[in-house]
Amino acid sequence: MEAETLALAQEIDFSMWGLFARATFIVKIVMLILVVASFWSWAIIIQKLINYRAARREAQVFDESFWSGNPLDELFEQIGTQPDGSSEKIFASGMIEWRRSHRTDGGLIAGATARIDRSMDVAIAKEAEGLQKGLPILATVGSTAPFIGLFGTVWGIMNAFIEIAEQQNTNLAVVAPGIAEALLATGLGLLAAIPAVIFYNKLSADSDRIVGGYEAFADEFATILSRQLDS
């Protein structure tokens, strides 16, 4: 009897594809959801790593130009009113408001400093929104994927016990496939959740540092303009 059971167990395909093909419809749906969520998370992770690296490089290049000693008006003429870089957009928004605050006689309209600050704050908020776009998806996958996988496991085990009851047989050939299929759902849930949680925390911290750099630059730029206003 044991030899027959072992022979039957050896004939069962325990590969991931075999377990998926043999799973019930609900468990298959759960597995597909988790696989899609995992690929979606990795797509966001890779995109954000590339975008954040480009943002840091752009900020470094712009800082070198900004602190090179060249006149700010000359730098503004070089980058234009609609630049591509985030740091350049923040600088341009401040310069545009600075120029708008001058009257035709050369004097300054009252409240120029506050308007310049608000203009740069709006630009920073827009850039921060772009940097953080997609991170909520990672948070959602990280928090829900284990429970989705657990649901698939519970459903699979329930069906495994139903099959055992119907066949009145508890040997390995009957029990093992259903349990393996159910546990695969939990494994896929963890496979999707763990990278999502790890990179959500990392990317959130990276985003905060980049935005903090933008805010520091805006404060320094506002100080320079305020100094010119007071001179």
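See the structure shown above.
This one's a predicted model, so the numbers in the text were calculated from it and none came from an experiment.

Reading the values: rules and limits
- Residues numbered from 1 in each chain as written.
- Predicted model: local features only at pLDDT ≥ 70, side-chain atom pairs only at ≥ 80, totals over all residues.
- Heavy atoms only, no water.
- Phe/Tyr/Trp six-rings, centres within 6.5 Å; stacked < 30°, edge-to-face > 60°.
- Helix = DSSP H or I, 4+ residues; strand = E, 2+ residues; numbered from the N terminus.
- Buried < 20%, exposed > 50% of the residue type's maximum accessible area, 1.4 Å probe, protein only.
- Core = buried A, V, L, I, M, F, W, Y, C linked by side-chain atoms within 4.5 Å.
- Contact = heavy atoms within 4.5 Å.
- Patch = residues over 30% accessible without salt bridge, like charges linked within 9 Å, V, L, I, M, F, W, Y side chains within 5 Å.
- Areas by Shrake-Rupley, 256 points an atom, 1.4 Å probe, with all protein chains shown as cover.
- Salt bridge = Lys/Arg side-chain N within 4 Å of Asp/Glu carboxyl O.
- Lys, Arg positive; Asp, Glu negative; His and termini not counted.
- Charge placed at Lys NZ, Arg CZ, Asp CG, Glu CD.
- Polar contact = N/O pair within 3.5 Å; in protein donor to acceptor, adjacent residues only side chain to side chain.
- Expected span 1.5 Å × (residues − 1).
- Bend = angle between axes of the 7 residues up to and from the residue.

1. What to know about the packing of aromatic side chains
No. 1: By the definition in use, this model includes 12 aromatic pairs.
No. 2: Ring centres 5.6 Å apart and planes at 65° place the aromatic pair W42 and F199 in the edge-to-face group. Here F199 lies in helix α8 (residues 172-230) and W42 lies in helix α3 (residues 25-66), a separation of 157 residues in the sequence.
No. 3: Overall, the relative accessible area of 35% leaves W42 in the partly exposed class.
No. 4: Ring geometry for F62 versus F217: centroids 5.4 Å apart, planes at 85°, classification edge-to-face. With F62 in helix α3 and F217 in helix α8, the pair connects residues that are 155 residues apart, well separated along the chain. Both residues of the pair, F62 and F217, count as buried.
No. 5: Feature note: the residues F62, F66, W67, F76, F91, F217 and F221 constitute an aromatic cluster, connected by ring pairs.

2. As for the nonpolar core
No. 1: One finds F66, I90, F91 and F221 to be the most contacted residues of the largest nonpolar core, which totals 48 residues.
No. 2: A per-element tally of this core places α8 first, with 17 residues.
No. 3: Discounting chain neighbours no more than four positions away, the residues touching F91 are F62, F66, L72, L75, F76, I79, F217 and F221.

3. Focus: a negative patch on the surface
No. 1: Side chains of D63, E64, D121, E215, D219 and E220 sit close together on the surface and give a patch of like negative charge.
No. 2: Those elements giving two or more residues to the negative patch turn out to be α3 and α8.
No. 3: By the element assignment, E220 lies in helix α8.

4. Section: the environment of S68
No. 1: Looking at the secondary structure, you find S68 in the loop between α3 and α4 (72-79).
No. 2: Side chain to side chain, S68 and N70 meet in a polar contact 3.2 Å long.

5. Let's talk about a nonpolar patch on the surface
No. 1: Judged by side-chain polarity, F25, I29, L32 and I33 come together as a nonpolar surface patch covering roughly 390 Å² of accessible area.
No. 2: Along the chain, I33 turns up in helix α3.
No. 3: Judged by relative accessible area, which is 42%, I33 ranks as partly exposed.

6. Things to note about helix α7 (residues 135-167)
Along an α-helix, a turn takes 3.6 residues, which lines up residues three or four apart on a common side.
No. 1: Taking 1.5 Å per residue as the helical rise, α7 with its 33 residues ought to reach 48 Å, and the 48 Å between its terminal C-alpha atoms agrees with that figure.
No. 2: By the largest-angle criterion, T144 marks the main kink of α7, which is about 40°, and a proline, P146, follows within four residues.
No. 3: Looking at α7, one finds that the buried residues are L135, L138, V141, G142, A145, G149, G152, T153, G156, A160 and I164.

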